[in-house]
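Here are the chains, one letter per residue:
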Amino acid sequence: VAGGADDTVLNIQNLKTKNVDNPSNPTAFSVFAESYAGGLVGTMGNTSFHVEDIDLKHTVDGETSEVKVVTSGGAGVGGLFGQSVKQGADCSLKNISIQCPVRVVGSGKYCGGLIGYLKLNKVLTVQRCESTSIVSGDEAVGGMIGEVNMEGGGSIALDGLIKNHVLVSNGAASSVKGRETVGGFIGAFKSGSLTVKNLEIATSVSCTENNVGGLMG
């Protein structure tokens, strides 16, 4: 949708990847950057966002070195946003489905199924979201968000509502993995308020060094 967005309000609704030749199969798409790559937006500053009814699928649902679906060569990659730093108003994510590999290659930080790095100074509401593929990086890797920094006074309210869960992963090929600070939901969590209801984490979560948790690293 955009490489970057600053000092604005971002509203994205009803966006789906589609294979026009075979609608029953997901299409092939690719997003790659040396830093801050996102399925929708690479990087945002002082921008509030409302994203709803998004379905990003790829024909590749596992991890291969040959196929880069949503990939950063350095810091910051997310199925939706590579990074979001400060928001002008409260934000929301609703009815999101990410079914494609999200990866940092090399030694970069911040890899998340939805957002790589989030510096939050407002309220983010997350409802009915799922990530059902590979989330793989080096440091600060999360099934939904790689790193959350709420030192500016933000908060996250997460509730699955109708689906009764926010699903991180349930596919046979799914996993959340990295070298250090890896979590099924959030990789690295810094000060702030987090309210969680109806969260299901059904994937393998692993790291090769320090700090790993089913919910947070």
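Residues numbered from 1 in each chain as written. Predicted model: local features only at pLDDT ≥ 70, side-chain atom pairs only at ≥ 80, totals over all residues. Heavy atoms only, no water.

Participant: I'm lost on unusual backbone geometry in this one. Help?
Facilitator: Where the residue is not glycine, phi is negative for most of them; where a peptide bond is considered, it is trans in most cases. Here the phi dihedral of aspartate 53 falls at roughly 60°; this positive angle occurs in a residue that is not glycine. Among the secondary structure elements, aspartate 53 is positioned in strand β6 (residues 48-57). Positive phi values are uncommon outside glycine, yet alanine 140 reaches one of about 60°. Here alanine 140 lies in strand β16 (residues 139-142). (Helix = DSSP H or I, 4+ residues; strand = E, 2+ residues; numbered from the N terminus.)

Participant: Would you take a moment to explain the sheet that holds β16 for this structure?
Facilitator: Consider a sheet: its strands pair through backbone hydrogen bonds, and that pairing is either parallel or antiparallel. Pairing in this open sheet of six strands is parallel, and the strands run β4-β8-β12-β16-β21-β26 from one edge to the other. The open sheet terminates on both sides in strands that have one partner only, identified here as β4 (37-38) and β26 (212-213). Here strand β8 (residues 77-78) runs beside strand β12 (residues 109-112); their pairing, made up of two bridges, is parallel. Paired with glycine 78 across the bridge in β12 is glycine 112. (Pairing = 2+ DSSP bridges.)

Participant: How do you make sense of the packing of aromatic side chains when you look at a structure like this?
Facilitator: How two aromatic rings sit relative to each other is set out by the distance from centre to centre and by the angle between their planes. One pass over the structure, following the stated rule, counts two aromatic pairs. Seen from their ring centres, phenylalanine 49 and phenylalanine 81 are 5.0 Å apart, and the 65° between their planes marks the pair as edge-to-face. In this pair, phenylalanine 49 sits in strand β6 while phenylalanine 81 sits in strand β9 (residues 81-85), placing the two residues 32 residues apart along the sequence. The exposure class assigned to phenylalanine 49 is buried, which follows from its relative accessible area of 0%. A relative accessible area of 0% means that phenylalanine 81 is categorised as buried. Measuring from centroid to centroid gives 4.8 Å for tyrosine 110 and tyrosine 117, while their planes differ by 45°, and the two rings are tilted. Residue classification places tyrosine 110 among the buried positions, given a relative accessible area of 15%. (Phe/Tyr/Trp six-rings, centres within 6.5 Å; stacked < 30°, edge-to-face > 60°. Buried < 20%, exposed > 50% of the residue type's maximum accessible area, 1.4 Å probe, protein only.)

Participant: How should the environment of valine 102 be read in this particular structure?
Facilitator: Here valine 102 lies in strand β11 (residues 102-104). With a relative accessible area of 1%, valine 102 lands in the buried category. Between the C-alpha atom of valine 102 and that of valine 176, which follows or precedes it by 74 residues, the distance is 9.8 Å. Every residue in contact with valine 102, bar those within four places of it in the chain, is listed here: Val70, Val77, Gly78, Gly79, Cys111, Gly112, Gly113, Ile134, Val135 and Ser136. (Contact = heavy atoms within 4.5 Å.)

Participant: Got a minute to help me understand the side chain of glutamate 130 in this structure?
Facilitator: With respect to the helices and strands, glutamate 130 occurs in strand β14 (residues 123-131). A relative accessible area of 14% places glutamate 130 in the buried class.

Participant: Please explain the nonpolar core as it appears in this structure.
Facilitator: Ranked by size, the top nonpolar core spans 45 residues in total, and within it Phe49, Phe81 and Leu93 carry the most contacts. If sequence neighbours within four positions are ignored, phenylalanine 49 has contacts with Leu10, Met44, Phe81, Ser84, Gln87, Cys91, Ser92, Leu93, Ile115 and Leu124. (Core = buried A, V, L, I, M, F, W, Y, C linked by side-chain atoms within 4.5 Å.)

Participant: I'm lost on the sheet that holds strand β22 (residues 186-189) in this one. Help?
Facilitator: An order of β1-β5-β9-β13-β17-β22 is seen for the six strands of this open sheet, with the pairing classed as parallel. Each edge of the sheet is formed by a strand with only one pairing partner; in this case those strands are β1 (2-6) and β22. Between one strand axis and the next, the sheet turns by 5° as a mean value, whatever way the strands run. Sheet topology places β1 next to strand β5 (residues 41-45); four bridges connect them, and they run parallel. Paired with glycine 4 across the strands is threonine 43, a residue of β5. (Axes fitted to C-alpha atoms, helices over the stretch in contact; angles between N-to-C directions.)

Participant: Looking at this structure, I do not really get the environment of valine 176. What am I missing?
Facilitator: For valine 176, the position within the fold is in strand β20 (residues 175-178). Relative accessible area serves as the criterion here: at 0%, valine 176 is assigned to the buried category. Remark: the alpha-carbon pair of valine 176 and isoleucine 134, spanning 42 residues in sequence, is separated by 6.3 Å.

Participant: What's the story with the pattern of salt bridges in this structure? I'm lost.
Facilitator: One side chain can pair with another of opposite charge once the charged atoms of both are near each other. Under the defined criterion, the tally for this structure stands at six salt bridges. We note a salt bridge from aspartate 138 to arginine 179, for which the minimum N-O separation is 2.9 Å. Note that aspartate 138 is positioned in the loop between β15 (134-136) and β16 and arginine 179 in the loop between β20 and β21 (180-183), a separation of 41 residues in sequence. Between glutamate 147 and lysine 190 there is a salt bridge, with its nearest N and O atoms 3.7 Å apart. Of this pair, glutamate 147 sits in strand β17 (residues 145-149) while lysine 190 sits in the loop between β22 and β23 (193-197), and the two are 43 residues apart along the sequence. Through salt bridges with shared partners, one network takes in Lys109, Asp138, Glu139, Arg179, Glu180 and Glu209. (Salt bridge = Lys/Arg side-chain N within 4 Å of Asp/Glu carboxyl O.)

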